[in-house]
Structures are given as C-alpha cells and as structure tokens.
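Here are the chains, one letter per residue:
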Amino acid sequence: MDNLLCELLPSDHYTHSEKFIANHLWYHYSIVSPCSKLPCQNNGTCVPLYRTNSYKCRCAKAYTGSHCEKVDNDCSCSSGPEGKQRCKIEYLMVFPEPRSTENYAMKNPAIASDLSQLSLCFFIKLVQDQGDQIFFSYATKQQDNDVIIEIYPTQTDFYVGNELFRFTSTNLYDDTWQHLCLTWANTQGVTKLYKDGQFTGQETNLATKNYALKAGGSLVLGQEQDSVGGGFDRNQTLHGRLASVNMWDKVLSESDIAAQYTNCSVPHGSVINWSAFKNLTHGSVTVEEP
Ligand SMILES: [Ca+2]
C-alpha cells in the first residue's frame, strides 16, 4: 500500500467555509469541532474556539442571545426603517428623482366604510425639492381633497374634507427618517400630530365637526389628485422614501403611538394596510425589501 500524504490545514470549514472547495484527490479528516452540532439558530454563524473547545454564535440581523434564539427587541427608531431595526419593516417605497407625475402608488377603491375618525401612521424620509410635496391624497367623487397631507419646508398641512389643519412646528426635511401619526375625530373637529412617538400639537377646525369621509375613493401615495385617480401636478410630487403607511378607523391612544416608535413597528391598519400597496406602484417608484 502506498504511503499516505498527510496535510495539516490551517483552518476549517466553520471558520473559512468560502475557502473550502471539493477535491476528489484528497480525503480530509478533522477533529471534532465545537460547531459540528450546529448550535446557532436562525441562520447564525458558528465560530469555533478550539483552544477552549467552545464556540460563539454570530447572529443574523434581528436575532440575539448566545445561540441567536431571541428576537432582537432592542430597536431604537432613531435611525428609521433603514437602521438596525429595518428587520421590522416589510418593505420601503422609493419615490425617485426626477419628480414626475408618472411616479405614484394607487389603491382604488381604498376605503370600505365611511369614517368619522381616523389615525394615520407612517415612516417618511423626504428630500427637499422645489414646491410642496404631497405624500397622501384620498379623493372621492364628492371631494377630491377628502384627505391630503401636504408637506412644506416650514409647515405640514393636513386636510379633511378640504378643511385645513396647519402644523408649523415640524420640520420634516432633515434628511432623516421620521415616524409620524395624525389623528382626527369629527366629535370635536380636532387633529393631533405625533412625531417620533411624541405628541407635538393639535389643531381644531370646527367645519370638520360631524363630517364623515366617504367610502369608495381612491388613495394615491406620492401625488395630489384633482379628480379620482388623476389630475396630478409635478410640483406636488413626493421625492423621498415611505414605509409602513397604515390607517385605522379610530383615534389611537398616545401610548399606542408611543409604542409604535419604541418598537419601531407600525401594526397593520384596519382601514389601510401597507401590505396591500406593494404591488400597486407606477412609473419609477421602486420597492426595497430589507
Ligand atoms: Ca386636489
């Protein structure tokens, strides 16, 4: 029998799996690795520590714990949906340059029942451009401005039934992700604005008292409608990024809204559900998944 040639390898396939290529001329034997039982969960990578006959787990994004067995709940929202917590974001929608009336997402019909109150929560990151930017436009046959969110450098205008609520204390053009919630109820005609989980102010417009938003209209993200599903103006086009746009048929509590920011997660809305928009983009609007 021929002599066997023995080669001692400087590494193993747990440490440098990319350097190990199958070769039928060699038989490779190795000592039992601390990683051979595949101890790391949820796609974590096992790093063998031969000196101590132990290992450590390098966890995939969104997992933590010595064996990557725990979901990472330490999600600070400060860096928005593209930060550490992007794991909790189903997808982002990107509204690119150049601004164009071709770029939008539309759901028609969007709302199944008339609404006497609402909460609307979302993440947004804006790029400053000429003019104002309309992020959200809900139009019905009776009223093309039934709900609008119009963002200027120095103010945010929110319309219900073509009636204005103006918030002047918010600057949304700071090139960071913002978590925003707006609530409105027709009992008092009051709208409240929350930024990054904090209540920032309220406005009253008595003309919205007892008003009801009509069901069956068209919701457009990224453009302003002057008719159902159309009448867009390039100078009001959104340039930026959106995520987790959801709407409810009730006023969410301050603690519910604070929890969205703390958890960096907007739950699915009962009226508008972000999942439904993923395949409703037009033009150059793109979807990015984490
Ligand atoms: Ca309009």
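Going by the structure above, here's the rest.
Each value, and the rule that gives it
- Residues numbered from 1 in each chain as written.
- Predicted model: local features only at pLDDT ≥ 70, side-chain atom pairs only at ≥ 80, totals over all residues.
- Pairing = 2+ DSSP bridges.
- Helix = DSSP H or I, 4+ residues; strand = E, 2+ residues; numbered from the N terminus.
- Axes fitted to C-alpha atoms, helices over the stretch in contact; angles between N-to-C directions.
- Core = buried A, V, L, I, M, F, W, Y, C linked by C-beta atoms within 7 Å.
- Buried ≥ 20, exposed ≤ 12 C-beta atoms within 10 Å, placed from the backbone.
- Arc of directions from axis to C-beta.
- Contact = placed C-beta atoms within 7 Å.

Chemist: Which residues make up the sheet that holds strand β14 (residues 198-204), and what values go with them?
Modeler: The antiparallel open sheet is built from seven strands, whose spatial order is β14-β13-β12-β7-β16-β5-β18. Looking at which strands have only one partner, the edges of the open sheet turn out to be β14 and β18 (286-288). Here the average twist between neighbouring strands, direction ignored, is 25°. The pairing of strand β7 (residues 117-126) with strand β16 (residues 240-248) spans seven bridges and is antiparallel. Opposite serine 119, over in β16, you have tryptophan 248 as the bridge partner.

Chemist: Talk me through the nonpolar core; I want residue IDs and the actual numbers.
Modeler: Grouped together as the largest cluster of nonpolar side chains are 56 residues, with contacts concentrated most on Phe122, Ile124, Phe135, Cys181, Leu221 and Leu242. Top element by residues in this core is β7. It accounts for seven residues. Formed by seven residues, the second largest nonpolar core is a distinct cluster that contains Cys40, Tyr55, Cys57 and Cys59.

Chemist: An account of the pairing of strand β8 (residues 133-139) is needed here, citing residue identities and associated values.
Modeler: Extensive coverage of β8 is indicated by the burial of seven of its seven residues. Relative to strand β15 (residues 218-221), β8 is paired through four bridges, and the arrangement is antiparallel. The residue bridging alanine 139 from the neighbouring strand is serine 218, located in β15.

Chemist: Go over helix α1 (residues 254-263) with me, naming the residues and quoting the values.
Modeler: Where α1 is concerned, the buried positions are Ile257, Gln260 and Tyr261. Along α1, the residues classed as buried sweep out an arc of 90° about the axis, all on the same side. Lining the buried residues of α1 we find β7, β12 (178-185) and β13 (190-195). Just beyond α1, the residue with positive phi is cysteine 264, at close to 55°.

Chemist: Tell me about unusual backbone geometry, and name the residues and values.
Modeler: The amide bond that connects glutamate 97 to the next residue, proline 98, takes the cis arrangement and shows omega of -15°. Take proline 98: it is sitting in the loop between β5 (92-95) and β6 (104-107). Geometrically, the link from asparagine 108 to proline 109 is a cis peptide bond, its omega value of 0° lying close to zero. Relative to the helices and strands, proline 109 is located in the loop between β6 and β7.

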